[in-house]
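Coordinate analysis (summary)
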Amino acid sequence: MPAYKAPLRDLQFVLHEVLDSSSHYQSLGASEASRDMIDAIMSEAGKFCEEILSPLNKVGDDEGCTFNQGEVRTPTGYRQAYQQWVDNGWPSLAQPEAYGGQGLPDSIGSVVSEMVSGANWSWGMYPGLSHGAMNTIEMHGTPEQKEVYLTKLVSGEWTGTMCLTEPHCGSDLGTLKTKAELTSDGSYSINGTKIFISSGEHDMSENIIHIVLARINGAPEGTKGISLFIVPKFLPDGTRNEVQCGSIEHKMGIHGNSTCVMNFDNAKGFLVGPENSGLKCMFTFMNFARLGTAMQGVASAELSFQGALTYAKERLAMRSLTGVKAPDKIADPIIVHPDVRRMLLTQKAFAEGGRIMMHDAGFLVDKVKSSVSDDEKNEANELLSFLTPIAKAFLTEVGTEAANLGVQVYGGHGFIKEWGMEQIVRDNRISQLYEGTTGIQALDLLGRKVLMSQGQSLRRFTKIVHRLCKSVGSSSPHKAMAKRLAELNKEWGDVTMKIGMKAMTNRDEVGGASVDYLMYSGYIVMAYYWLRMALTAQEALSEGASETDFYNSKIKTAQFYFARILPRTESHKISMLAGVDTLMALDEAHFSF
Ligand SMILES: Cc1cc2nc3c(=O)[nH]c(=O)nc-3n(C[C@H](O)[C@H](O)[C@H](O)COP(=O)(O)OP(=O)(O)OC[C@H]3O[C@@H](n4cnc5c(N)ncnc54)[C@H](O)[C@@H]3O)c2cc1C
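My aim in this report is to walk through the structure given alongside it, one point at a time. What you see is a predicted model, and the numbers here were worked out from it, not measured in a lab.

What counts and what doesn't
Residues numbered from 1 in each chain as written. Predicted model: local features only at pLDDT ≥ 70, side-chain atom pairs only at ≥ 80, totals over all residues. Heavy atoms only, no water. Helix = DSSP H or I, 4+ residues; strand = E, 2+ residues; numbered from the N terminus. Rg over C-alpha atoms; globule rule 2.2 N^0.38 Å. Buried < 20%, exposed > 50% of the residue type's maximum accessible area, 1.4 Å probe, protein only. Contact = heavy atoms within 4.5 Å. Areas by Shrake-Rupley, 256 points an atom, 1.4 Å probe, with all protein chains shown as cover. Lys, Arg positive; Asp, Glu negative; His and termini not counted. Charge placed at Lys NZ, Arg CZ, Asp CG, Glu CD. 1 Å grid on protein atoms, 1.4 Å probe; cavity = no way out; pocket = protein on both sides within 12 Å on 5 of 7 lines; lining within 4 Å. Points joined across faces, edges and corners; volume = space filled by probe spheres on them. Nonpolar A, V, L, I, M, F, W, Y, C, P; charged D, E, K, R; others polar. Core = buried A, V, L, I, M, F, W, Y, C linked by side-chain atoms within 4.5 Å. Near = heavy atom within 4 Å. Polar contact = N/O pair within 3.5 Å; in protein donor to acceptor, adjacent residues only side chain to side chain. Salt bridge = Lys/Arg side-chain N within 4 Å of Asp/Glu carboxyl O. Axes fitted to C-alpha atoms, helices over the stretch in contact; angles between N-to-C directions. Parallel < 35°, antiparallel > 145°, perpendicular 65-115°, else oblique. Left-handed = near helix turned anticlockwise from the far one by under 90°. Patch = residues over 30% accessible without salt bridge, like charges linked within 9 Å, V, L, I, M, F, W, Y side chains within 5 Å. Pairing = 2+ DSSP bridges.

Topic: the overall build of the protein chain
Scanning the protein chain from terminus to terminus reveals 18 helices and nine strands. Whereas a compact globule of 593 residues would reach a radius of gyration of roughly 25 Å, the protein chain reaches 24 Å, a difference of no more than 12%. Judged by the C-alpha coordinates and their principal axes, the protein chain covers about 80 × 60 × 60 Å. Counting all 593 residues of the protein chain, 57% fall into the buried class. Here the analysis covers contacts within the protein chain between residues at least 6 apart in sequence; of these, 74% occur between residues at least 24 apart. Element-wise, carbon and sulfur atoms account for 54% of the exposed surface of the protein chain, whose accessible area totals about 25000 Å². Of the side-chain charges in the protein chain, 56 are positive and 68 negative, and the distance between the mean point of each set is 6 Å.

Here's what the structure looks like:
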């Protein structure tokens, strides 16, 4: 497993130089979030990730979690690392001061979360899910629930989970069967089985707070009859609740994180939010988890890139086609070969392009929560809701591509366990599945977000892209990139219209086009961010910045992205406009093997 190195300089570039963190935090009134303070937090978090979490990544993969009579033991070192995490106050970083938090904006938590994810995704899922539970209780809980649960989650003494999936349903939660019955003391008796519950049982915290979807007796069928409950492992008075882990899964990857079957057997639950509004309230958790999963894609691309780059500079094989580059060695390092560079640059473009997408999304989360202007809040909310399915599905798809390229750069050694490159592929593969598969995210984007808003959500974003492209003057060295982005930005609207027209006569056209549409959109969104990075780097160079290598590398990676990655939009466009007929023509009975 490559040792993780926190990408501090790149984070500084993204946050301070491109996204202008100072103006952002000032506009929120969070003046304590100064550049120096953010740098200090990043540096401390980076140290923890490099020194404590990264070495446990392979241990977690090798040992996995173990299950014994309802109890789960996490891999060696996980519990101690969690205790250190709590002792250092990390769980409370971006949580409300009223409940013991440090009150910093969410986006700062998101920067720390990127590093944790890169160093050890499986470990990071334990505090990650707690964070989602905190957001949900903060947003929808009663003052008493906040006092009892939020305080302990913020301190890190307790952790949280998200319980949606059941044996027969994951994507289609409208069919869930877990029941809730009102009892005489005003709580609910919860009965049912949830599966695949991440961090459902473990030995890292003294209590586990499950956030559970269930249907109150007599509630309507479908998504309109679902309610949300807090179901603690230990009740506030210390008695053990009737929620038990029945077993854990044996999985392709993320071995260090427990994936649990959770049995609720007359477990005491407490309603969160109004009756039958559970799915709506759970979206607070799900949207957070979707962005968290998108981060997994970025983190995997980064870690795999770090491993591949180190290897490509050391591994010797054949000579460069344009003449010997390392005459003192028996062969040249493989980084001289164009195809190896293609792989490395693809990883780099996805890792760094994904990073800025995620941290800009973090700034939008801040605005939704804390902007002083309602207009700005609404605008940020709509942008975030448009960008979330793109970030979740696109960044996890390209994250897996980047992780696979990391294996490829290592040649046969990439396939061998001790190098750890194959672990990154196995660990990241789940990111395309949980929190809504790529297919489900694509339907959300095209069907719900774009077409149902008559294209308004798309136009909100394309206006921003249009403004950026227009701002690039004819004398700019990046005018060709701006021109290409402007063309695609216009085309995006045109293809959306075409699919929308077809969908008026056949709804299946949406499902037939959706994944290509999502990937097409993802490549354009990432191009927008690469252009922004190139322009910022150019400005720094023209102002005489001394780190010329750093800034030139940004510009050259942007040029690579536009020349070699962005053309993928063309094939996605052709596929999505090809119509659904060839997908539906084969009769189900004629699918045979
Ligand atoms: C390791 C792991 C951890 C997990 N952690 C959690 C957790 O903490 N909490 C939790 O609640 N769940 C968790 N899950 C569950 C996960 O979110 C679901 O597995 C996922 O949402 C997919 O649901 P499913 O498995 O039921 O697949 P299905 O819904 O059965 O989907 C099967 C396939 O059909 C496709 N499909 C379904 N409907 C449509 C449609 N309308 N149009 C097009 N395609 C469609 C899907 O895209 C997919 O390819 C976890 C799963 C795993 C494996």
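Let us keep going from here.
Regarding empty space enclosed by the protein
Regions of empty space are outlined by a rolling probe, equal in size to a water molecule, passed over the atoms. Throughout the structure, instances matching the rule amount to three cavities of 30 Å³ or more. Each pocket or cavity is described by its volume, and for the largest cavity that value is around 100 Å³. Taken together, 13 residues line the largest cavity, and the ones lying closest to its centre are Ser117, Trp121, Ser300, Leu303 and Asp427. Elements with a minimum of two residues in the lining of the largest cavity: helix H6 (106-140), helix H8 (278-314) and helix H11 (421-429). Partitioning the lining of the largest cavity into residue classes produces five nonpolar, seven polar and one charged. Empty space within the second largest cavity amounts to approximately 60 Å³. Residue lining of the second largest cavity: Leu291, Met357, Ala361, Leu384, Leu387, Thr388, Ala391, Val525 and Tyr529, and that is the complete set.

Examining the nonpolar core
One finds Trp123, Phe394, Leu395 and Tyr561 to be the most contacted residues of the largest nonpolar core, which totals 150 residues. Looking at which element gives the most residues to this core, the answer is helix H15 (residues 508-542), with 19 residues. For Leu395, the residues in contact, after removing those within four places along its chain, are Ala294, Gly297, Val298, Gly354, Met357, Met358, Ile390 and Met526. Among the nonpolar cores identified, the runner-up in size contains 28 residues, and Val154, Ile209, Ile211 and Val272 belong to it.

Considerations on unusual backbone geometry
Of note, Met318 is a non-glycine position whose phi angle comes to about 55 degrees, a positive value. Positive phi, close to 55 degrees, is recorded for Gln454, a residue that is not glycine. Within the secondary structure, Gln454 sits in the loop between helix H12 (438-451) and helix H13 (456-471). Residue Gln454 is classed as exposed on the basis of its relative accessible area of 64%.

Let's talk about the site of the ligand
Taken together, 21 residues form the shell around the ligand, and within it Thr165, Ser171, Phe196, Ser198 and Thr437 come nearest. One of the backbone nitrogen or oxygen atoms of Leu164 is found 2.9 Å away from an oxygen atom of the ligand. In this structure, a nitrogen atom belonging to the ligand sits 2.7 Å away from a side-chain N or O atom of Thr165. For the ligand, whose free accessible area comes to 970 Å², the fraction covered by protein is 62%.

Considerations on the environment of Glu379
By secondary structure assignment, the location of Glu379 is in helix H10 (residues 374-409). Using a relative accessible area of 35% as the deciding quantity, one classes Glu379 as partly exposed. There is a polar contact of 3.3 Å between the side chain of Glu379 and the side chain of Arg460.

Notes on the side chain of Asp332
Secondary-structure assignment places Asp332 in the loop between H8 and helix H9 (338-370). There is a polar contact of 2.6 Å between the side chain of Asp332 and the backbone nitrogen of Ala326. When residues no more than four places from it in sequence are discounted, the contact partners of Asp332 are Arg315, Leu316, Ala317, Met318, Arg319, Ser320, Gly323, Val324, Lys325 and Ala326.

Notes on the pattern of salt bridges
Within this structure, the stated rule accounts for 34 salt bridges. Its salt-bridge partner being Asp360, residue Arg532 comes within 3.8 Å of it at the nearest N-O pair. Here Arg532 is found in helix H15, whereas its partner Asp360 is found in helix H9, with 172 residues between them in sequence. Of the two residues examined, Arg532 and Asp360, each falls in the buried class.

Here we look at the packing of helix H1 (residues 8-18) against helix H3 (residues 35-53)
Two numbers describe how H1 lies on H3: the axes approach to 11 Å, and their chain directions differ by 150 degrees. By the angle between their axes, H1 is roughly antiparallel relative to H3. Crossing of H1 over H3 shows right-handed handedness. Mapping the contact onto sequence places Leu8, Leu11, Gln12, Leu15 and His16 in H1 and Arg35, Ile38, Asp39, Met42 and Ser43 in H3.

A closer look at a nonpolar patch on the surface
Taken together, Phe415, Ile416 and Trp419 make up a surface patch of nonpolar side chains, about 340 Å² in accessible area. Its place among the elements puts Trp419 in the loop between H10 and H11.

Some remarks on the pairing of strand S3 (residues 158-163)
Judged by how many residues are buried, S3 sits mostly within the fold: six of six residues are covered. Two elements, S3 and strand S6 (residues 207-216), share six bridges in a ladder whose sense is parallel. Within S6, the residue paired with Trp158 across the bridge is Asn207.

Description of the environment of Ala513
For Ala513, the location among the structural elements is in helix H15. Sequence spacing of Ala513 and Glu242 is 271 residues, and the spatial spacing of their C-alpha atoms is 45 Å. Excluding residues that lie within four positions of it along the chain, Ala513 makes contacts with Leu446, Ile499 and Met576.

Side note on the side chain of Thr159
Within the secondary structure layout, Thr159 lies in strand S3. Judged by its relative accessible area of 1%, Thr159 falls in the buried class. A polar contact of 3.0 Å, which involves the side chain of Thr159, links it to the side chain of His202. Within polar-contact distance, the side chain of Thr159 engages the side chain of Ser205 at 3.0 Å.

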